[in-house]
Protein chains: 2
Amino acid sequence: MTDRKVLDGNSAAAHVAYRVNDVCAIYPITPSSPMAELADQWSAEGRTNIWGDVPQVVEMQSEGGAAGAIHGALQGGALTTTFTASQGLLLMMPNMYKIAGELTPAVFHVAARSLAAQGLSIFGDHQDVMAVRTTGFAQLCSASVQMAHDFALIAQAATLESRVPFIHFFDGFRTSHELNKIEMLSDSQIRSMIDLEQVLAHRRRALNPNHPVIRGTAQNPDVYFQARETVNPFYANLAGIVSDKMAQLEKLTGRGYRLFDYFGAPDAERVIVIMGSGAETARETVEYLNDADDPVGVVRVNLFRPFDGTALLNALPETARSIAVLDRTKEPGAPCDPLHADVLAAIADSPEWQRRAPRVVGGRYGLSSKEFTPAMVKAVLDELDRKAPRNRFTIGIRDDVSGTSLDYDPTFRTESEDVLRAVFYGLGADGTVGANKNSIKILGEDPSREVQAYFVYDSKKSGSRTVSHLRFGPRPIRSAYLVDSAGFVGCHKFDFLSQIDVLGVAAPGATLLLNSPHAADEVWDKLPRKVQEEIIDKDLSVHVIDAGAVAREAGLGGRTNTIMQTCFFALSGVLPKADAIQRIKQSITATYGAKGEEVVARNHAAVDQTLAHLKPVKIPAKAYGKVAMSDPVPAEAPEFVRSVTGLMLAGRGDELPVSALPVDGTWPSGTTRWEKRGIAEFVPEWDPELCIQCGNCVMVCPHAVIRSKLVPESSLAE
Amino acid sequence: MTDRKVLDGNSAAAHVAYRVNDVCAIYPITPSSPMAELADQWSAEGRTNIWGDVPQVVEMQSEGGAAGAIHGALQGGALTTTFTASQGLLLMMPNMYKIAGELTPAVFHVAARSLAAQGLSIFGDHQDVMAVRTTGFAQLCSASVQMAHDFALIAQAATLESRVPFIHFFDGFRTSHELNKIEMLSDSQIRSMIDLEQVLAHRRRALNPNHPVIRGTAQNPDVYFQARETVNPFYANLAGIVSDKMAQLEKLTGRGYRLFDYFGAPDAERVIVIMGSGAETARETVEYLNDADDPVGVVRVNLFRPFDGTALLNALPETARSIAVLDRTKEPGAPCDPLHADVLAAIADSPEWQRRAPRVVGGRYGLSSKEFTPAMVKAVLDELDRKAPRNRFTIGIRDDVSGTSLDYDPTFRTESEDVLRAVFYGLGADGTVGANKNSIKILGEDPSREVQAYFVYDSKKSGSRTVSHLRFGPRPIRSAYLVDSAGFVGCHKFDFLSQIDVLGVAAPGATLLLNSPHAADEVWDKLPRKVQEEIIDKDLSVHVIDAGAVAREAGLGGRTNTIMQTCFFALSGVLPKADAIQRIKQSITATYGAKGEEVVARNHAAVDQTLAHLKPVKIPAKAYGKVAMSDPVPAEAPEFVRSVTGLMLAGRGDELPVSALPVDGTWPSGTTRWEKRGIAEFVPEWDPELCIQCGNCVMVCPHAVIRSKLVPESSLAE
């Protein structure tokens, strides 16, 4: 029986990478850090790889050092890997040229991330992997958590056979941090994909004083060029080797992949070519449109380097007459973005396709984890239907500066009715994310239920907002975008209701669970008018609980997570209530067992008390509240802070058009003072009787509101 | 009157860069080092820039540090530059994305160099600049020394107006180290190209505590994408700005450039597109063929980024039906090399050119300063005439592995009769290169004479071979390749005749000047049979001098350079003899004046004595010598050393086919012992009477031939 688990992309890739390597040289960088940290932890725990050895994990002082360590370990005959992203990957480039030039098998696992340009971003796009496409590394792209697992193995098998090093990458955050239910590769499956003879061949090529050779020589104009061309056959064979490994994996697991996977109508005239998680969204959209008799299609690029143009054209339906190539990167000054250029080259190579002369346009999407939704896919396909589709467009933003952006209809949705969608708003470190991960695992245990979870953090971490996006359904969930139409909305902090548009994601008829200091019969008056209107308009059913009070009563302090989790199970009906409560309790026992019986007992008690405190709210027929939404920044703030920073604080930064942003990353300073997050439930008060004048309050106040002055006692006299 | 000077590309670029910057943050790397070193020297000497300030030159601890210093200085409002190449440029990438993203005017001057892959190479190609084409820097390419001078200024003027940073690059060694006669930009011309208002605007944008702003913030999915698109108009305007600056320079100097310069027949059907020094060779070849009524053409790419496809197509003659795009780089796994991809994209964008449907193929040439000659250009143009020209070919090597290489006829030459060509073989550090640089400057003083010199060193530096390639003629010299048909050959070391094919470069009827320990009437018997045959077959006139003896007699020790230089002037007839001798003496006075009158007098005496010792050799009608060419390595050396290393030592490494080279940069070790360079004129002998047993001989013997043993005196008794 297949082992199925709920994992994120990082864990899925690291699981395989750890099993097939001897050395991991790391310098963790977001969003790849969990891969490195897991490897480090497993090594510390003494977990073994498929050969029964404990891989050695070495943390260096930068990615440059990690790349040097990798190169050295590989030359010593060790199977070696690393995990990296963004500028970290750039620092590895000098070594990457050498590792590839020396035909050294290795796989770098990359959670692809933006590069710092006008600003840094820890989020995902393909700028980093595109920047190293010149190095001679093969590049295999996973579009989902399952693929991150499978392709980690295919890359390793292919690098050993081909001797060409691989970058195996997937979208930072969107795939690296998405929880999804995948079929695990067993160690015996992994073993049967790795040819031991090829491992031994790698070890035999190691530098060894017993049979010395020299590598890394200087070459002059007389021979360098010829020597550089020696590798051609290795690259020419590579696509075939990757195909073979994919076929072998399919035989073992039933999961089939090709260099380019086509999804959609066999007679599609309009086709999207795309790589990474966006391909999953495009596939979902195309299949939805196919069901509505719209013959469109999508090519998912799996092997980006070496780029096999013939395989791409074979994947395309012959009927394709209008093609949009979507790149998740930007190279200012280039005539087109890289995948677009490759598709043009493939067509230029084929007399047959030259004759067919499809129109090929390029578009850019999803920089820095910008959402890429079915509505956007639809807009691109619609554009392809126009007589002269725009070229070099952007999708997902409003570009009022260069006019590149396509419009899209955000109400277009493809998600199936039988997929349960839930969104939870929590406060960073309040336990909401952990509770949701736990819920997903509980629900994922049911073999017939597929699950997905994705968590949006802002960069302020502890104390900021977290938004959890959960999906459950009967079929694999490929929606690589946020939930924007949820049947269940949990708001774990009451104040959010007046700060941001919590109910924007609520579907008509949805359930709203509110952690509220106000009782069910009092809460309505406390809601902002806009929220009241939304509740009535969307016909939401609202339930409240004062989770803080329940937690305090149960002796849990401020930890409200199990209480809110219990409410979710009680209200959502995704599991029978009794069953759900039992499973929550089991999971509490497992999670808190180490902290002693009393902690477990308190949590169990909290679960039991929860249902008694969860109350429905009676919804009036008309909104009549006097409470207004609070402004994210005060009216006296400067114009830029009000119109740009303020919108971002309100969670509406996506609405900002290009013209609103500074051209060169220059921002006004001193804007923190306009941002009052108001997250404290209690405001501390200075008690002169108790103060020992230690001065710590001055040190810790993040906004420097408390200031100390040192004065001679004599001055105080006056 | 225009100031004309003989300069190399590095000096030509550095001259401008130094004048228009406040700060140079450097970490010198071959072949860009002279730029950094000149700037450092000028700064130490207190030379000022065009604003009367002495630029500050800061040497950091790596190119990564230099890039950080540049970024910081630019943010402080200083006009800042650097000079770099190869892996050094790669280390700057993380900062380059930021410098470009923040729209910071700056020019990096790059002597483009290979990247270390299967081996490192200090020589020239475009791998480094192509690896950073993703960063958002503009890229302006100089194809000649004059252009390196002019484009350094155009880049600076354009970056200040556009705010987009520039890489200004030219071919490492081929342009950076080629001496050519150029028209110097005067300070007033430089001043009139630099808009002071734009300099002040840059300074006003500096980070300044008096009007604080913040740059380098973190941006999240809500705004990063929009912010990344804000720069589009700056890139859209850039080609126009560069065009304007080119027009302004033409107005000032008469030297006209466009984004893409076309040379050749207005009705050419076959056209080459190429960038860098190879374009000069292609231009020379095309013009030669045009003279023979062959309507071919070449597009020289000047502005590579942003790539203005429309301007490229406008430069192409409408008649072009077969186009070869030549790249001087390699990206294993890419569907085409970068310039090739850009041309395909330009054509795909133009319905008109799509209709014309020219055949576009790509080729690779000149990696690591591999020669690119008119014969190769001709071969490419011939290939374009075939019904199905090959695509992704290589030219300049024999690829017997992947079969990519085009054949070419090495006897095809385009050089004019009125260009005097001379080749000199010297021993590293024997003064040959210095003397030739001096000769070039003497000859360049004549306003009607154009000059060019290029020096081939191997990487062993002192004690190895240097080959000087000199050209003199009435028109600008664009031959960006080595002399292979010289009217004058100087062999400054007798042994070379039996080690390498010195006379391979001699044109029929050429003059051979030989530094020979054997007198004119004895030397013939000492020549290898093969050399005798070549002298007779090519009808060479041979002259000998024992320069070592003359030098010792004149009290110059082993310094033979002025003696050989005098012989060259005496034999070549390039200047009237008396005139030449006077100028050599003047130059001796200038060069050695600081070392005292006696040194000057000795050198002058050596010049006077030279002509008396220079003797013609009577050439018999038939070769009858018994001396054989010496084998570069002994017959008992291993097969690889004989067939690969040996050929390289014999200066014939260019003949090695791809199959001869290791695929992964693995070479046998311990091969030094097979390489007997035999460069010592005297073999030292151990004199037990004089030996004080200091052991120094053991320390300094590079081959560890002299070994010491420490034994108790008692052991010696037996």
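Preceding this paragraph is the structure being described.
Residues numbered from 1 in each chain as written. Chains lettered and ligands numbered in written order. Predicted model: local features only at pLDDT ≥ 70, side-chain atom pairs only at ≥ 80, totals over all residues. Heavy atoms only, no water.

S.K.: Honestly, the packing of helix H18 (residues 432-444) of chain A against helix H23 (residues 561-572) of chain A in this entry has me stumped. Any pointers?
M.R.: A pair of packed helices is captured by two measures, namely the crossing angle of their axes and the spacing between those axes. All names here are of chain A. Orientation of H18 relative to H23, taken along the N-to-C sense of each, is 40°, at an axis distance of 9 Å. It follows from the interaxial angle that H18 and H23 lie oblique. Judged by the sense of rotation from one axis to the other, the crossing of H18 with H23 is right-handed. For the pair formed by H18 and H23, the contact residues are Thr432, Ala435, Asn438, Ser439, Ile442 and Leu443 on the first element and Asn561, Gln565, Phe568 and Phe569 on the second. Here the contact of H18 with H23 is composed, by residue class, of five nonpolar, five polar and no charged. (Axes fitted to C-alpha atoms, helices over the stretch in contact; angles between N-to-C directions. Helix = DSSP H or I, 4+ residues; strand = E, 2+ residues; numbered from the N terminus. Parallel < 35°, antiparallel > 145°, perpendicular 65-115°, else oblique. Left-handed = near helix turned anticlockwise from the far one by under 90°. Contact = heavy atoms within 4.5 Å. Nonpolar A, V, L, I, M, F, W, Y, C, P; charged D, E, K, R; others polar.)

S.K.: Explain the interface of chain A and chain B here, please?
M.R.: Reports of interface size often rely on the accessible area that becomes lost once the parts have come together. Counting residues at the interface gives 99 residues for chain A and 99 residues for chain B. Both sides together, the interface formed by chain A and chain B hides about 8700 Å², and carbon and sulfur atoms give 60% of it. Remark: the boundary between chain A and chain B carries eight salt bridges. The shortest N-O distance in the salt bridge between Asp349(B) and Arg392(A) comes to 2.7 Å. Our count for the contact surface shared by chain A and chain B stands at 49 residue pairs in polar contact (both at pLDDT 80 or more). When residues in the side of chain A that touches chain B are grouped by element, the largest group, six residues, is from helix H10 (residues 224-229) of chain A. When its residues are assigned to classes, the side of chain A that touches chain B shows 49 nonpolar, 29 polar and 21 charged. As judged from the two bridges shared by strand E25 (residues 667-668) of chain A and strand E9 (residues 213-214) of chain B, these two strands associate in the antiparallel manner. In the strand pairing of E9(B), Pro668(A) is matched with Val213(B). (Buried area = accessible area lost by both parts, 1.4 Å probe. Salt bridge = Lys/Arg side-chain N within 4 Å of Asp/Glu carboxyl O. Polar contact = N/O pair within 3.5 Å; in protein donor to acceptor, adjacent residues only side chain to side chain. Pairing = 2+ DSSP bridges.)

S.K.: I'm lost on the packing of aromatic side chains in this one. Help?
M.R.: How two aromatic rings sit relative to each other is set out by the distance from centre to centre and by the angle between their planes. Residues and elements named next belong to chain A. Evaluated as defined, the whole model comprises 28 aromatic pairs over all chains. Ring centres 5.6 Å apart and planes at 40° place the aromatic pair Phe424 and Phe488 in the tilted group. Here the residue Phe424 occupies a position in strand E18 (residues 420-427), and Phe488 occupies one in strand E21 (residues 486-491), the gap between them amounting to 64 residues. As far as the burial class goes, Phe424 and Phe488 line up, both buried. (Phe/Tyr/Trp six-rings, centres within 6.5 Å; stacked < 30°, edge-to-face > 60°. Buried < 20%, exposed > 50% of the residue type's maximum accessible area, 1.4 Å probe, protein only.)

S.K.: How should I be thinking about the pattern of salt bridges in this particular structure?
M.R.: Two side chains that carry opposite charge are able to pair once their charged atoms sit near each other. Residue and element names in this part refer to chain B. Within this structure, the stated rule accounts for 90 salt bridges over all chains. Glu533 is the partner of Arg529 in a salt bridge, and the nearest nitrogen-oxygen pair spans 3.3 Å. Highlighted residues: Arg529 and Glu533, both in helix H20 (residues 529-537), separated by four residues, approximately one helical turn.

S.K.: Whenever I open this one, the relation of the copies chain A and chain B confuses me. Can you help?
M.R.: There are two copies of the chain, and a rotation about an axis plus a shift along that axis relates them. Rotating chain A by 180° and translating it 0.0 Å along the rotation axis places it on chain B, where the RMSD comes to 0.1 Å. Expressed as an axis order, the relation between the two copies is that of a two-fold axis. Mapped onto chain B, 100% of the interface residues of chain A are again interface residues, and the two copies thus contact each other with one and the same surface. (Least-squares fit on C-alpha atoms with pLDDT ≥ 70 in both.)

S.K.: So what exactly am I meant to see when it comes to the packing of helix H24 (residues 577-592) of chain A against helix H25 (residues 597-613) of chain A here?
M.R.: Residue and element names in this part refer to chain A. At a minimum axis distance of 9 Å, the contact between H24 and H25 shows a crossing angle of 160°. By the angle between their directions, the pair H24 and H25 is classed as roughly antiparallel. Like other packed secondary-structure pairs, H24 and H25 cross with a definite hand, here right-handed. Counted together, Lys577, Ile581, Ile584, Lys585, Ile588, Thr589 and Tyr592 of H24 and Val599, Val600, Asn603, His604, Val607, Asp608 and Leu611 of H25 form the full contact between these two elements. For the contact of H24 with H25, the per-class residue count stands at eight nonpolar, three polar and three charged.

S.K.: Sorry if this is basic, but what is going on with the sheet that holds strand E14 (residues 322-327) of chain B here?
M.R.: Within a sheet, adjacent strands bond to each other through the backbone by hydrogen bonds, running parallel or antiparallel. Residue and element names in this part refer to chain B. Read from one edge to the other, the open sheet built from seven strands follows the order E10-E12-E11-E14-E15-E16-E17, with strand pairing classed as mixed. Single-partner strands in this sheet number two, and they are strand E10 (260-264) and strand E17 (405-406). Where E14 and strand E15 (residues 359-365) come together, six bridges link them in parallel fashion. Looking at E15, one finds that Ile323 is bridged to Val360. Sheet strands in contact with helix H14 (residues 338-349) are strand E11 (270-274), strand E12 (296-301), E14 and E15, and its direction is about 145° off that of E14.

S.K.: How do you make sense of the nonpolar core when you look at a structure like this?
M.R.: Here is a general trend for soluble globular proteins: nonpolar side chains tend to be buried in one another's company. Counting 180 residues, the largest nonpolar core has Phe166(A), Ile167(A), Val242(A), Phe108(B), Phe166(B), Ile167(B) and Val242(B) as the members making the most contacts within it. Beyond its immediate sequence surroundings of up to four residues, Val242(A) is in contact with Leu140(A), Ile154(A), Ala158(A), Phe166(A), Leu259(A) and Leu303(A). (Core = buried A, V, L, I, M, F, W, Y, C linked by side-chain atoms within 4.5 Å.)

S.K.: Looking at this structure, I do not really get the side chain of Ser439(A). What am I missing?
M.R.: Residue and element names in this part refer to chain A. You can see Ser439 is positioned in helix H18. A relative accessible area of 1% means that Ser439 is categorised as buried. At 3.1 Å, the side chain of Ser439 and the side chain of Gln565 are in polar contact.

S.K.: Looking at this structure, how should I read the sheet that holds strand E5 (residues 107-112) of chain B?
M.R.: All names here are of chain B. Read across the sheet, seven strands follow the order E3-E2-E4-E5-E7-E6-E13 without closing on themselves; strand pairing throughout is mixed. With one partner strand each, in any of the chains shown, strand E3 (56-59) and strand E13 (303-305) form the two edges of the open sheet. On average, each strand axis in the sheet is inclined to that of its neighbour by 20°, with strand direction left out of account. Two strands pair when backbone bridges link them, and strand E6 (residues 138-142) and strand E7 (residues 166-171) are joined in this way by five bridges, in the parallel orientation. Pairing of Ala138 across the sheet is with Phe166, part of E7. Sheet contacts for helix H2 (residues 33-44): strand E2 (23-26), E3, strand E4 (80-84), E5 and E7; angle to E3, the most-contacted strand, approximately 130°.

S.K.: Quick question: what am I supposed to make of the pairing of strand E3 (residues 56-59) of chain A here?
M.R.: Along any regular strand the residues' side chains alternate between the sheet's two faces. All names here are of chain A. The pairing of strand E2 (residues 23-26) with E3 spans four bridges and is parallel. Counterpart to Ala25 in the pairing with E3 is Val58. Each parallel crossover has a hand, and for E2 linked through helix H2 (residues 33-44) to E3 it is right-handed. (Right-handed = clockwise from strand over helix to strand, strands pointing away.)

S.K.: Would you take a moment to explain unusual backbone geometry for this structure?
M.R.: It is generally the case that most residues other than glycine have a negative phi and that most peptide bonds are trans. Residue and element names in this part refer to chain B. In this chain, Thr30 is followed by Pro31 through a cis amide linkage whose omega measures -5°. Here Pro31 lies in the loop between E2 and H2. The omega angle of the peptide bond from Arg305 to Pro306 is -5°, so this bond is cis rather than trans. Here Pro306 lies in the loop between E13 and helix H13 (309-315).

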